[in-house]
Each structure stands twice: as structure tokens, then as C-alpha cells.
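Here's the letter readout for the chains.
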Amino acid sequence: MARPTYRTRLEDLIKNSDISASDKDFAQSLLTYYERKGRLSAGRVKWISTLEDRYSPENIAAATQ
């Protein structure tokens, strides 16, 4: 199995049906930046992890209970 890249991680977030519109726009802006520059700063990478945690299946399930 291929190792996930920032591109695939961001694309997965954008495709997530549970993501809010503002977080989706933010993830799209991170992806656009990554595609333009070919890299992300440490702060931007941290945001990918933050969004992944926010929209993890466990957190989504907990929010709907």
C-alpha cells in the first residue's frame, strides 16, 4: 500500500461528507498551496492533522450521539 501524501490526505478530507463548508474550503486552500509550492510549512502540516482528528470516524460518532 502506498504511503499517504499530503495531497491524498487533503483530498480525503475534502471528499469527507461530514466536513464543514469552512473546513472544506480551508483544506482546499491548503491543497492549492501544496500543488503550487510543492511543500507545506510545519504549521500547515499541523492543520492537516488537526482536521483529520476533527473529522475522524470516532469524533464524528461521538458528536452525533
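Every residue gets a number counted from 1 within its own chain, in the order that chain's sequence is written. Given that the model is predicted, a residue must reach a pLDDT of at least 70 before its local features are reported, and side-chain atom pairs must reach 80 or more before they are shown or counted; all residues, however, enter totals for whole chains, interfaces and linings. Based on all heavy atoms of the structure, the side-chain values leave hydrogens and waters out of the count.

A. Structural view of helix α1 (residues 6–15). Burial here depends on accessible area, computed with a 1.4 Å probe over protein chains only, as a share of the maximum for the residue type. Under 20% is buried, over 50% is exposed, and the range in between is partly exposed. By the criteria applied, helices consist of DSSP H or I runs no shorter than four residues and strands consist of E runs no shorter than two, each listed in order from the N terminus. For α1, every residue scored as buried is listed here: R9, L10, L13 and I14. In an axial view of α1, the angular spread of the buried residues amounts to 135°, which keeps them on one side of the axis. In the core, the buried residues of α1 are packed alongside α2 (21–37) and α3 (42–54). What the arc measures is the spread of directions leading from the helix axis to the C-beta atoms. Note on definitions: a residue-residue contact is assigned when non-hydrogen atoms from the two residues lie within 4.5 Å.

B. Structural detail: the environment of Y34. Residue position: Y34 is located in helix α2. Given the relative accessible area of 17%, Y34 is considered buried. Filtering out sequence-adjacent residues up to four positions away, Y34 remains in contact with Y6, R7, R39 and L40.

C. Expanded view of the environment of E11. Here E11 shows up in helix α1. Separated by 20 residues in the primary sequence, E11 and L31 have C-alpha atoms spaced 7.7 Å apart.

So far we have only geometry, and geometry alone does not tell us how the molecule works.
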